[in-house]
Amino acid sequence: MNEPAESTPGVRAAIWTVRVLLALEALAMVAVLGWLVVDLFSLRPSSYATAIALIVLVLIGALWVLACAIGAFRLAPWTRGAAIVWQVLQVSIAVGAFQGLFARPDIGWLLLVPAVVVAGLLLWNPVRLSFTRNDPAAAH
């Protein structure tokens, strides 16, 4: 889409990898949101306030990742920072999934691998430069 003309096929592939993974993460968040809403109406939670608060937090997270995915397709400069913050949050959830009485290493790996890939690609200098606007008038 807006990739610089000088970007190589490897950089284009990295940008598309970021875009696809962010879109998949957004879809996963929407799926979790739907699952929580269905659970709220089909099961009796021990605390309705906590269940609703969790749904609101997941909704905010889903909107955040969706905005990051859309921004990645537009190569919006703000996308890098927002997406990296999301990946850090995702890594922290993945680490929690590896631990404890109800550990789920399968979910931990599903969260950890894409988070590391997206964060690493967004920090790679050619990808970083692709998300940088060279037009000073566009910054305003």
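Residues numbered from 1 in each chain as written. Predicted model: local features only at pLDDT ≥ 70, side-chain atom pairs only at ≥ 80, totals over all residues. Heavy atoms only, no water.

### Quick look at the nonpolar core
Judged by nonpolar contacts, the single largest core of 18 residues is most densely connected at Val 18, Leu 22, Val 118, Leu 122, Val 127 and Phe 131. Of all elements in the fold, only helix H1 (9–42), helix H2 (48–74), helix H3 (78–97) and helix H4 (105–123) reach the threshold of two or more residues within this core. Considering each element in turn, this core owes the most residues, six residues, to H1. Sequence-distant contacts of Val 118, that is, excluding residues within four places in its chain, are made with Val 18, Leu 21, Leu 22, Glu 25 and Gln 87. (Core = buried A, V, L, I, M, F, W, Y, C linked by side-chain atoms within 4.5 Å. Buried < 20%, exposed > 50% of the residue type's maximum accessible area, 1.4 Å probe, protein only. Helix = DSSP H or I, 4+ residues; strand = E, 2+ residues; numbered from the N terminus. Contact = heavy atoms within 4.5 Å.)

### Let's talk about the layout of surface pockets
Rolled over the atoms, a probe with the dimensions of a water molecule shows which regions are left empty. Roughly 700 Å³ of volume is contained in the largest pocket. Lining the largest pocket are 22 residues, with Ala 28, Met 29, Val 32, Ile 93 and Leu 111 sitting closest to its centre. The set of elements that each furnish at least two residues to the lining of the largest pocket consists of H1, H2, H3 and H4. Class assignment of the residues belonging to the lining of the largest pocket gives a composition of 19 nonpolar, two polar and one charged. What the second largest pocket holds in volume is close to 170 Å³. For the second largest pocket, the full set of lining residues is Trp 35, Leu 36, Asp 39, Leu 40, Leu 43, Arg 44, Pro 45, Thr 50, Ala 51, Leu 54 and Ile 55. Within the residue set of the lining of the second largest pocket, elements represented by two or more residues are H1 and H2. In terms of residue class, the lining of the second largest pocket is built from eight nonpolar, one polar and two charged. (1 Å grid on protein atoms, 1.4 Å probe; cavity = no way out; pocket = protein on both sides within 12 Å on 5 of 7 lines; lining within 4 Å. Points joined across faces, edges and corners; volume = space filled by probe spheres on them. Nonpolar A, V, L, I, M, F, W, Y, C, P; charged D, E, K, R; others polar.)

### Structural notes on the packing of H2 against H3
Look at H2 against H3: their axes get within 9 Å of each other, and the N-to-C directions meet at 140°. When the axis of H2 is compared with that of H3, the two are oblique. Taken as a pair, H2 and H3 cross one another with a handedness that is left-handed. Between H2, through Gly 61, Trp 64, Val 65, Ala 67, Cys 68, Gly 71 and Ala 72, and H3, the contact on the second element is made entirely by Trp 78, Thr 79, Ala 82, Ala 83, Val 85, Trp 86 and Leu 89. Its residues placed into classes, the contact of H2 with H3 shows 11 nonpolar, three polar and no charged. (Axes fitted to C-alpha atoms, helices over the stretch in contact; angles between N-to-C directions. Parallel < 35°, antiparallel > 145°, perpendicular 65-115°, else oblique. Left-handed = near helix turned anticlockwise from the far one by under 90°.)

### So, the packing of aromatic side chains
Throughout the structure, instances matching the rule amount to three aromatic pairs. Look at Trp 64 and Trp 86: their rings are 5.8 Å apart centre to centre, the planes differ by 65°, and that puts the pair in the edge-to-face class. Taken together, the residues span a long stretch of sequence, with Trp 64 in helix H2 and Trp 86 in helix H3 at a distance of 22 residues. By relative accessible area, which is 30% here, Trp 64 ends up partly exposed. Residue classification places Trp 86 among the buried positions, given a relative accessible area of 10%. Consider the rings of Phe 98 and Trp 109, whose centres lie 5.2 Å apart with planes at 75°: the pair is edge-to-face. Taken together, the residues Phe 98 in the loop between H3 and H4 and Trp 109 in helix H4 connect sequence positions 11 residues apart. In this structure Trp 109 comes out as exposed when scored by relative accessible area, which is 52%. (Phe/Tyr/Trp six-rings, centres within 6.5 Å; stacked < 30°, edge-to-face > 60°.)

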